[in-house]
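Coordinate inspection notes
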Number of protein chains: 2
Amino acid sequence: MLGKTRRLALLAEGCFNATDAKSAVGVLRYRTSEVVAVIDSTRAGRTAQSCAGVGGDIPVVANLDGAAAYDADTLLIGIAPPGGALPAPWRAVVAEALMRGMDVIAGMHQFLADDPELATLAEAKGCKLIDVRRPPAARSIATRRAASVDALVVLTVGSDCNVGKMTTALELEAALKAMGVKAAFVATGQTGIFVADRGVAVDAVVSDFVAGAVEDMVVEAARDAEVVLVEGQGSIHHPGYSGVSLSLLHGACPDAMILCHQAGRTHIKTFDAGPAPRIRSLIEIVRDHERAASWMSPARVLGISLNTVTLDESEAKRAIDHEAQRTSLPVTDPVRYGAQPLATVIVRRLEERRRRAASS
Amino acid sequence: MLGKTRRLALLAEGCFNATDAKSAVGVLRYRTSEVVAVIDSTRAGRTAQSCAGVGGDIPVVANLDGAAAYDADTLLIGIAPPGGALPAPWRAVVAEALMRGMDVIAGMHQFLADDPELATLAEAKGCKLIDVRRPPAARSIATRRAASVDALVVLTVGSDCNVGKMTTALELEAALKAMGVKAAFVATGQTGIFVADRGVAVDAVVSDFVAGAVEDMVVEAARDAEVVLVEGQGSIHHPGYSGVSLSLLHGACPDAMILCHQAGRTHIKTFDAGPAPRIRSLIEIVRDHERAASWMSPARVLGISLNTVTLDESEAKRAIDHEAQRTSLPVTDPVRYGAQPLATVIVRRLEERRRRAASS
């Protein structure tokens, strides 16, 4: 976890743009004040804003020397590569950061603290190696407990990986709080944990215990919230990650879902040369999620979060109108136009539930 | 793995019957000649057959002394408790077995070899501690490769845990081989691995890599088989395990499924005091599996394997007829009446595929 306020340098070498450096972009958007520099030698000298559309004037520097000029005290690995292994050249940067006395925060499947050389170096230098993806010791098996919490549980689901499920949940948290609703965000992935300072990276949990870990977090968060916003992962339509996504759906037992999609993406991102699965229409994706939810506890998709980052203004508006007409659901890009339309349907749903509870 | 021929004592203290000692029953049914005794002090003096309906005259003994009388050289933990932790009294038995110079084979989530005391003891005595559930080092992410293998891939799916998915796959393997078909069994759970001497316990794999592990095994098995029979796990309708089941479905990309159910079971087995989910009609379960498969690669349920272990002869026949009429699918209890009806539809499907391939 990030813990105390730090002076972060985000490592995003060669990939610091709006779509490829997912963790860096998340931290820049939601922990802006803690970031002092981004490391990407291919973009050094530019601002974060000009590279990734977030982070304002935060400088992009070439290396750890550049970050040291801004008194960075912590290196955060700003990407999450498929497979979760640290790219070899980055390992040298981690070692150098430790040599300089910096803490290192990572969200890899391959835990830095389990690397004997890095662990020895960290100890010698009195630095911390923080692996946020390390799973909890508890081995919980889900039993639908989350279906009976008092809070309204909302899960962000997606047409694919990396379409905006975490961002949508965080934007909804902010929008709901602005409307006076007690909202809680449940982080289920490494970037969400970087941002929220708590949570479980469910994709790193042994498969039998994923739904149980989610259930535990939802039940805990529901104690002190009116709306629990659970960060979704992957997609039930993704060949590699569908099981993780279904575990989240059945562990969280949401009452409502927000479907996230990136406008213009036509195929699911996979990591081999073969043909990637086509992304279905949003209507089909809505229907499949509502069916899969019904196997455990009924849930409705209340709205669509459409990530329009690659579109210009008029294209974005057209894409949103188009999906709103096709699905008859409220559609917005929460980053570009605010989460208000989605927050509004969630509040309406919350009020409906309360009326039903009061009259029964 | 079992490896070389051993003289096994199966530990099933207090639970050696047809339904509760799942691993012991599986090993007794499929590795009969290697078992010399079953340990259950509450049933000592009886035969395996009289307790669990398998194993013939293999004796049930009270403790390790009893097993020593039959020259047992290996202790196999014959249960798989939810959560996968070794019951405390059993740990003492494991330690005693090691003291006697026996190897110990287990399928727990909590690895025996990671227990410093047991590991030290094993080393001192020159014994092996074999944890078949330990996941492979490879971190594969599935990409639908299994959908394009030449072999016909058949997955056993279930209405719940512990209904006969492994047994059905193994009985089908034998029936197909008897019909001259090159069939291969892919083990995905601890008991399957005990039986097959290979495989991956997918419920112990980190969730991101479950579908990938299954895909790797199916692609490998398909190289030298006409029919690949994949052992299913859990159920897409189980609150705790649905994600594991969907990962199996999307990793294996089967062409056909056999639905397994225990006659008379009305509710899913969960592990808490709350209300357990009702088991749907088999028609609904068939439909939900075919839908979930279609998200990745289309598959049909070709038949039903109905476990009638708790029914008498006339009840069993009635249950089978009833489900056959309701589902219009072939139904059998492969243990009681043989797997022939299911093997026959699989062979028919294999021939259909070949005709289609030849004419295209």
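What counts, and at which threshold
Residues numbered from 1 in each chain as written. Chains lettered and ligands numbered in written order. Predicted model: local features only at pLDDT ≥ 70, side-chain atom pairs only at ≥ 80, totals over all residues. Helix = DSSP H or I, 4+ residues; strand = E, 2+ residues; numbered from the N terminus. Rg over C-alpha atoms; globule rule 2.2 N^0.38 Å. Buried ≥ 20, exposed ≤ 12 C-beta atoms within 10 Å, placed from the backbone. Contact = placed C-beta atoms within 7 Å. Pairing = 2+ DSSP bridges. Axes fitted to C-alpha atoms, helices over the stretch in contact; angles between N-to-C directions. Least-squares fit on C-alpha atoms with pLDDT ≥ 70 in both. Domains from an automatic or database assignment. Nonpolar A, V, L, I, M, F, W, Y, C, P; charged D, E, K, R; others polar. Expected span 1.5 Å × (residues − 1). Arc of directions from axis to C-beta. Parallel < 35°, antiparallel > 145°, perpendicular 65-115°, else oblique. Left-handed = near helix turned anticlockwise from the far one by under 90°. Right-handed = clockwise from strand over helix to strand, strands pointing away. Core = buried A, V, L, I, M, F, W, Y, C linked by C-beta atoms within 7 Å.

Examining the overall build of chain A
Helices and strands together make up the secondary structure of chain A, namely 13 helices and 12 strands. Here the C-alpha radius of gyration of chain A, 20 Å, is about what a compact globule of 360 residues would show, namely 21 Å. Counting only C-alpha atoms, chain A reaches 65 × 50 × 45 Å along its principal axes. A burial count over chain A gives 56% of its 360 residues as buried. Within chain A, contacts between residues at least 6 apart in sequence are counted, and of these 71% link residues at least 24 apart.

What to know about the sheet that holds strand E12 (residues 331-332) of chain A
All names here are of chain A. Reading across from one edge, E8-E9-E7-E10-E11-E12 is the order of the six strands in this open sheet, with parallel pairing throughout. Lying at the two open borders of the sheet, with one neighbouring strand each, are strand E8 (183-186) and E12. In this structure, strand E10 (residues 256-262) lies alongside strand E11 (residues 300-307), joined through seven bridges in parallel fashion. Residue pairing across strands places methionine 257 opposite valine 301, the latter belonging to E11. The strands touched by helix H13 (residues 340-359) are strand E7 (152-158), strand E9 (227-230), E10, E11 and E12; relative to E11, the strand with the most contacts, the crossing angle is about 165°.

Side note on the sheet that holds strand E2 (residues 35-39) of chain B
Note on sheets: strands pair through backbone hydrogen bonds, and any given pair is parallel or antiparallel. All names here are of chain B. With parallel pairing, six strands are arranged side by side in an open sheet as E3-E2-E1-E4-E5-E6. Because the sheet does not close on itself, it has two edges, and the strands there are strand E3 (60-61) and strand E6 (129-131). When strand E1 (residues 8-11) meets E2, the two strands line up parallel, connected through four bridges. Bridge pairing in E2 places alanine 9 opposite alanine 37.

Regarding the relation of the copies chain A and chain B
In summary, the two copies of the chain are related to each other by a rotation about an axis coupled with a shift along it. It takes a turn of 180° to lay chain A on chain B, together with a shift of 0.0 Å along the axis; the resulting RMSD is 0.0 Å. The relationship between the two copies is best expressed as a two-fold rotation axis. When the interface residues of chain A are mapped onto chain B, 100% of them again fall at the interface, so both copies present the same face.

A short note on the domain arrangement of chain A
All names here are of chain A. Each assigned domain of chain A is listed here: domain 1 (8-131) and domain 2 (145-359). Put simply, the middle of domain 1 and the middle of domain 2, counted by C-alpha atoms, are 28 Å apart. The partner domain 2 presents 11 residues to the 13 residues of domain 1 that form the contact. Counted by class, the side of domain 1 that touches domain 2 contains six nonpolar, five polar and two charged residues.

Points about helix H10 (residues 282-294) of chain B
All names here are of chain B. In a regular helix each residue adds 1.5 Å, so 13 residues correspond to 18 Å; H10 covers 18 Å between its end C-alpha atoms and thus fits that length. Looking only at H10, the buried set comprises Leu282, Ile285, His289, Ala292 and Ala293. End-on view of H10: buried residues confined to an arc of 100°, all on one side of the axis. In this fold, the buried residues of H10 make contact with strand E7 (152-158), helix H9 (242-252), strand E10 (256-262), strand E11 (300-307) and helix H11 (313-327).

Observations regarding the pairing of strand E8 (residues 183-186) of chain B
Residue and element names in this part refer to chain B. The alternating pattern of E8 places Ala183 and Phe185 and Ala184 and Val186 on opposite faces, both of which are buried. Here E8 pairs with strand E9 (residues 227-230) via four bridges, running parallel. Looking at the pairing, phenylalanine 185 lines up with leucine 229 of E9.

A look at the environment of leucine 176 of chain A
Residues and elements named next belong to chain A. With respect to the helices and strands, the residue leucine 176 is situated in helix H6 (residues 165-178). Leucine 176 gets classed as buried once you count the C-beta atoms within 10 Å, which come to 26. Through-space distance from the C-alpha of leucine 176 to that of cysteine 15 is 33 Å; in sequence the pair is 161 residues apart. Those residues in contact with leucine 176 that sit more than four places away from it in its chain are Val181, Ala183, Val227, Ala343 and Ile346.

Quick notes on the packing of helix H8 (residues 210-222) of chain A against helix H9 (residues 242-252) of chain A
Residues and elements named next belong to chain A. Viewed as axis vectors pointing N to C, H8 and H9 meet at an angle of 40°, and their least axial separation amounts to 8 Å. Classed by the angle they form, the pair H8 and H9 counts as oblique. The interaxial crossing formed by H8 with H9 has right-handed handedness. Across the interface between the two elements, Val210, Ala211, Gly212, Val214, Glu215 and Val218 of H8 pack against Val244, Ser247, Leu248, His250, Gly251 and Ala252 of H9. Tallied by class, the residues present in the contact of H8 with H9 amount to seven nonpolar, four polar and one charged.

Quick word on the interface of chain A and chain B
Between chain A and chain B, the contact holds 40 residues from the first and 40 residues from the second. Of all the secondary structure elements, the ones that give two or more residues to the side of chain A that touches chain B are H8, H9 and helix H10 (282-294) of chain A. The class makeup of the residues in the side of chain A that touches chain B is 18 nonpolar, 14 polar and eight charged.

A word on the pairing of E1 of chain B
All names here are of chain B. With burial as the criterion, each face of E1 is covered, one bearing Leu8 and Leu10 and the other bearing Ala9 and Leu11. Handedness of the crossover joining E1 and E2 through helix H1 (residues 22-30) is recorded here as right-handed. Note that E1 and strand E4 (residues 74-77) share four bridges and pair parallel. Considered in E4, the bridge of leucine 11 is made with isoleucine 77.

Side note on the nonpolar core
One finds Val153, Val218 and Val228 of chain A together with Val153, Val218 and Val228 of chain B to be the most contacted residues of the largest nonpolar core, which totals 257 residues. Here valine 228 of chain A is in contact with Ala151, Val153, Val154, Ala184, Val186, Val218, Ala221 and Ala222 of chain A, once residues within four sequence places are set aside.

Topic: the packing of helix H6 (residues 165-178) of chain B against helix H13 (residues 340-359) of chain B
The geometry of a pair of packed helices is captured by two quantities: the angle between their axes and the separation between those axes. Residues and elements named next belong to chain B. Running from N to C, H6 and H13 point in directions that differ by 65°, and their axes come no closer than 9 Å. It follows that H6 is roughly perpendicular to H13 by the angle criterion. Note that H6 runs across H13; the crossing there is right-handed. Where H6 approaches H13, its residues Leu172, Ala175 and Leu176 are matched on the opposing element by Gln340, Leu342, Ala343 and Ile346. Classifying every residue of the contact of H6 with H13 by side-chain character gives six nonpolar, one polar and no charged.

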